[in-house]
Amino acid sequence: MMEPVGLVLVGFGNVGQAFAQLLLEKQAELAEKYGMRCHVNGIMTGRHGAAINPDGIDLEEALRIVREGGQLKQLDASDFSGDTLDFIQQSPGDVMVETTPVNPRSGQPALEHMRAALSKGMHAITANKGPVVYGFQELTALASGKGRKFLFESAVMDGAPIFSLFRQPLAGARLLGFSGILNSCTNLLLERMEAGETLEQAIAYGASIGITETDPSNDVDGWDASIKVAALSTVLMGHPLTPLEVDRTGIRGITLEMIAEAKEAGQRWKLVCSLERKGEAFVARVRPETVGPDSPLFSVGGTSSFVVFNLDVLPGLGVLESDPSPKTTAFGLLADLIYTQGKA
Ligand SMILES: NC(=O)c1ccc[n+]([C@@H]2O[C@H](COP(=O)([O-])OP(=O)(O)OC[C@H]3O[C@@H](n4cnc5c(N)ncnc54)[C@H](OP(=O)(O)O)[C@@H]3O)[C@@H](O)[C@H]2O)c1
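Treat the numbers as computed from the prediction; the structure is a model and nothing was measured.

Undergrad: So what's going on with the sheet that holds strand E4 (residues 95-98)? Residues and values would help.
TA: Strand order in this open sheet of six strands is E3-E2-E1-E4-E5-E6, and the pairing throughout is mixed. Two strands bound the open sheet, and with one partner strand each, they are strand E3 (50-52) and strand E6 (150-151). Judged from the four bridges that link them, strand E1 (residues 4-10) and E4 form a sheet pairing that is parallel. Bridge assignment links Leu7 to a residue of E4, and that residue is Val95.

In structure tokens:
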């Protein structure tokens, strides 16, 4: 009988729930292919309470309760009370899966969650860019000292393999820079504007399908794109950057006239993210640019995203992710989970 891997979920929103759903869907496959059985021993949320059960929480039930707006307390077998750090201390588990909202200015409270889990001897996985940008070196050292892993594949381009690509397949290659479309929301907004909508109308549409947040500034003003550029720079280029250090322009200045002019010229506006190494200097930028059909960015539509890496031995390696969903992000977490168990 295989020993179960104990999971502790901190955050149970779109991504946390999609991850739980994916675990249920892939239960048999994980057992068959990787000899893995997973138990979720704890779930912590902001407004939906928490549950700890060392024998494993009924995930179907947890999903139902949260979707109906209920409290997870009903599934708690340990009489838990306290905050998220107490929860991490008290939850028995091998791996923490962290999916709380991102804070682009400090990385908190996710950074503190990662510290607590790693210090306790758990592997720590997150979809949150904050701890990557504000804690990459510290958390990697902490994990290594404990013989554990700090992983974050889903933090940039959801489940598309970006960070893991540089672990083994690209070992020995040196990254000189990259460019791409890393914020899928603005890509969709610009496409809607090409169809004649104003930015406000496009934002309202984005909100109606759950793509833009109540405060769209994170996407529209280029913060999300900047924190992704900072994460790639920090991890893949060994050049620590915060989003505040990225030269950032969002899409608020793009008018319907500019869109029409570009169209006339056979071009499209895209929010382009880039990082270029110039000697000792690094130029990190997020800004709207027009691109023509000769650019690989031209045909990246809807909520898709794309990055092209410029490597010393491979001048243009592109990764395209088409139409991601929370399930795609959940997959990145699952891939990290499998890696912590030495199965991939
Ligand atoms: N959505 C995507 O497809 C996607 C893609 C890539 C990366 N990400 C990243 O993944 C993370 C989660 O995104 P999401 O869309 O799932 O967000 P979300 O739907 O807002 O869910 C966030 C979850 O975190 C909980 N939470 C908030 N503060 C907490 C705290 N201090 N302690 C414990 N739990 C707390 C919330 O609880 P309550 O709801 O009960 O308050 C909720 O369950 C974010 O960092 C995001 O940037 C998301």
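Undergrad: Just give me the short version of helix H6 (residues 129-146), but keep the residues and values in it.
TA: When the terminal C-alpha atoms of H6 are compared, their 22 Å separation across 18 residues is substantially less than the 26 Å that a helix rising 1.5 Å per residue should span. Along H6, the sharpest change in direction is near 90 degrees and occurs at Gly135. Check the buried side of H6 and you find it contacts helix H5 (110-120), strand E5 (123-126), E6 and helix H10 (223-236). Of the residues one or two after H6, Gly147 is the one with positive phi, at around 70 degrees.

Undergrad: Which residues make up the site of the ligand, and what are the values?
TA: Within the structure, the ligand sits among 24 residues, and Gly11, Gly13, Val15, Thr45 and Gly46 are positioned closest to it. If one sorts the elements of the shell around the ligand by residue count, helix H1 (residues 14-25) sits on top with three residues. Classifying every residue of the shell around the ligand by side-chain character gives nine nonpolar, 13 polar and two charged.

Undergrad: Describe the environment of Met96, listing the residues and the values that go with them.
TA: On the secondary structure map, Met96 appears in strand E4. Residues Met96 and Thr242, 146 residues apart in the sequence, show an inter-C-alpha distance of 25 Å. Apart from residues no more than four positions distant in its own chain, Met96 is found in contact with Val8, Val10, Ile88, Ala117, Met122, Ala124 and Ile125.

Undergrad: So what about the sheet that holds strand E8 (residues 247-248)? Which residues, and what values?
TA: The sheet built from six strands is open, its strands ordered E8-E10-E9-E7-E11-E12 with mixed pairing. Taken across any chain shown, the strands that pair with only one partner, and hence form the sheet edges, are E8 and strand E12 (314-321). Where strand E7 (residues 175-181) meets strand E11 (residues 305-311), six bridges bridge the pair, whose relative direction is antiparallel. Its bridge partner being in E11, Gly177 is matched across the sheet by Asn310.

Undergrad: Kindly report on the pairing of E1, identifying the contributing residues and their values.
TA: Burial analysis of E1 places five of its seven residues in the buried class, which makes it a mostly covered element. Pairing of E1 with strand E2 (residues 37-44), which is carried by seven bridges, proceeds in the parallel orientation. In the sheet register, Val8 faces E2, and the bridge partner there is Gly42.

Undergrad: So what's going on with the domain arrangement of the protein? Residues and values would help.
TA: The assigned domain composition of the protein is domain 1 (4-159 + 326-340) and domain 2 (175-321). The gap between the C-alpha centroids of domain 1 and domain 2 is 29 Å. Contacts between domain 1 and domain 2 engage nine residues on the former and 15 residues on the latter. Partitioned by chemical class, the residues of the side of domain 1 that touches domain 2 number seven nonpolar, no polar and two charged.

Undergrad: Break down unusual backbone geometry for me, citing the residues and quoting the values.
TA: With omega at 0 degrees, the peptide bond leading from Gln108 into Pro109 counts as cis. By the element assignment, Pro109 lies in the loop between E4 and H5. You will see that Met157, though not glycine, has its phi angle at about 55 degrees, which is positive. If you trace the backbone, Met157 turns up in the loop between E6 and E7. Judged by local crowding, Met157 falls into the buried class, with 27 C-beta atoms found within 10 Å.

Undergrad: Pulling in residues and values, what's your account of the packing of H1 against helix H12 (residues 326-340)?
TA: Closest axis-to-axis distance for the H1/H12 pair is 8 Å, and the angle between their directions is 65 degrees. Considering their axes alone, H1 and H12 lie roughly perpendicular with respect to each other. Crossing of H1 against H12: the hand is right-handed. Where H1 approaches H12, its residues Asn14, Val15, Ala18, Phe19 and Leu22 are matched on the opposing element by Pro326, Lys327, Thr329, Ala330, Phe331, Leu333 and Leu334. Looking at the contact of H1 with H12 residue by residue, the classes come out as nine nonpolar, two polar and one charged.

Undergrad: Give a detailed account of the nonpolar core, specifying residues and quantitative values.
TA: The biggest cluster of nonpolar side chains holds 96 residues, and the ones touching the most others in it are Ile43, Met96, Ala124, Leu189, Val229 and Ala231. Examining the composition of this core, we find that eight residues originate from one element, H10, more than from any other. Lining this core are residues from two domains, each supplying at least three of them: domain 1 (4-159 + 326-340) and domain 2 (175-321). In contact with Leu189, not counting residues within four places along its chain, are Leu199, Ala202, Ile203, Gly206 and Ile251.

So, how was this worked out
- Residues numbered from 1 in each chain as written.
- Predicted model: local features only at pLDDT ≥ 70, side-chain atom pairs only at ≥ 80, totals over all residues.
- Pairing = 2+ DSSP bridges.
- Helix = DSSP H or I, 4+ residues; strand = E, 2+ residues; numbered from the N terminus.
- Expected span 1.5 Å × (residues − 1).
- Bend = angle between axes of the 7 residues up to and from the residue.
- Contact = placed C-beta atoms within 7 Å.
- Near = placed C-beta within 6 Å.
- Nonpolar A, V, L, I, M, F, W, Y, C, P; charged D, E, K, R; others polar.
- Buried ≥ 20, exposed ≤ 12 C-beta atoms within 10 Å, placed from the backbone.
- Domains from an automatic or database assignment.
- Axes fitted to C-alpha atoms, helices over the stretch in contact; angles between N-to-C directions.
- Parallel < 35°, antiparallel > 145°, perpendicular 65-115°, else oblique.
- Left-handed = near helix turned anticlockwise from the far one by under 90°.
- Core = buried A, V, L, I, M, F, W, Y, C linked by C-beta atoms within 7 Å.

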